[in-house]
Amino acid sequence: MRPLRRFTLFVSAVMLALNAADPLLSGGYGKAEFDAVGPVLLIGWAEVGPGMLQAIAHLGQQSRDEVVALGGRQGLADAEQHLDDLELARLADARHWPLHRRPIAADTLRTELKISMERARELVVSLRAELAELVVARVH
């Protein structure tokens with residue numbers, strides 16, 4: 001991960017210099033600021049991205065472990081019946097990530113859990129808050 005991070009930072013710095021040099025030299029400070037947004041976001045992603053991906057993987061593994069622990073001999077399907085909505089949402093999100101490489105949408109969650117759209121949105125907000133906490137904990 002470290003060499004990849006260094007490479008991303010190097011490419012971002014070069015891209016920042018190339019994007020901002022001409023506008024700065026010609027006095028277009030607003031254009032220079034606008035052109036710097038992409039490289040700065042890439043630099044931020046290099047810092048936060050690996051931690052976020054690790055947190056997502058950890059959250060997914062934790063959810064699977066909870067289901068297996070709760071299921072025992074009953075199996076995963078029976079265990080899921082006993083979990084509350086948030087735990088079910090965690091499981092659905094953990095299953096969704098490997099297939100689609102993005103978090104589960106509220107509409108998909110609504111359909112899968114057979115709940116209202118309002119409840120699905122609340123659960124998605126909770127899932128994203130948990131993910132943000134894990135990312136922040138990993139970064140610091």
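Bear in mind the structure is a predicted one, so any value in this text is a computation, not a measurement.

## Topic: the overall build of the protein chain
Thinking step 1. In terms of helices and strands, the protein chain carries six helices and zero strands.
Thinking step 2. Along the chain direction, N to C, the helices and strands of the protein chain fall in the order α-α-α-α-α-α.
Thinking step 3. Across the 140 residues of the protein chain, 29% fall into the buried class.
Thinking step 4. Partitioning the contacts of the protein chain with sequence separation of at least 6, the portion at a separation of at least 24 is 50%.
Thinking step 5. Here the protein chain displays about 9,300 Å² of accessible surface, and carbon together with sulfur accounts for 62% of that area.

## A word on the environment of Ala-94
Thinking step 1. Inspection of the secondary structure puts Ala-94 in helix 4 (residues 85-100).
Thinking step 2. Overall, the relative accessible area of 8% leaves Ala-94 in the buried class.
Thinking step 3. Put simply, Ala-94 and Ile-104 are 10 residues apart on the chain and 8.5 Å apart in space, counted from C-alpha to C-alpha.

## Examining the side chain of Glu-130
Thinking step 1. Here Glu-130 shows up in helix 6 (residues 117-139).
Thinking step 2. Given the relative accessible area of 18%, Glu-130 is considered buried.
Thinking step 3. Apart from the residues within four sequence positions on either side, Glu-130 is in contact with Leu-59, Leu-86 and Arg-90.

## Side note on the pattern of salt bridges
Thinking step 1. Considering all chains together, one arrives at six salt bridges under this definition.
Thinking step 2. In this structure, Arg-119 and Asp-85 form a salt bridge, with 3.3 Å as the shortest nitrogen-oxygen distance. Within this pair, whereas Arg-119 is found in helix 6, its partner Asp-85 is found in helix 4, the two being separated by 34 residues in sequence.
Thinking step 3. In this structure Arg-119 comes out as partly exposed when scored by relative accessible area, which is 30%.
Thinking step 4. Given a relative accessible area of 28%, Asp-85 falls into the partly exposed group.
Thinking step 5. A salt bridge links Arg-95 to Glu-112, with the nearest nitrogen and oxygen atoms 2.4 Å apart.

## Some words on the side chain of Arg-90
Thinking step 1. For Arg-90, the location among the structural elements is in helix 4.
Thinking step 2. Of note is the side chain of Arg-90, whose polar atom sits 2.6 Å from the side chain of Glu-130.

The rules behind each value
- Residues numbered from 1 in each chain as written.
- Predicted model: local features only at pLDDT ≥ 70, side-chain atom pairs only at ≥ 80, totals over all residues.
- Heavy atoms only, no water.
- Helix = DSSP H or I, 4+ residues; strand = E, 2+ residues; numbered from the N terminus.
- Buried < 20%, exposed > 50% of the residue type's maximum accessible area, 1.4 Å probe, protein only.
- Contact = heavy atoms within 4.5 Å.
- Areas by Shrake-Rupley, 256 points an atom, 1.4 Å probe, with all protein chains shown as cover.
- Salt bridge = Lys/Arg side-chain N within 4 Å of Asp/Glu carboxyl O.
- Polar contact = N/O pair within 3.5 Å; in protein donor to acceptor, adjacent residues only side chain to side chain.

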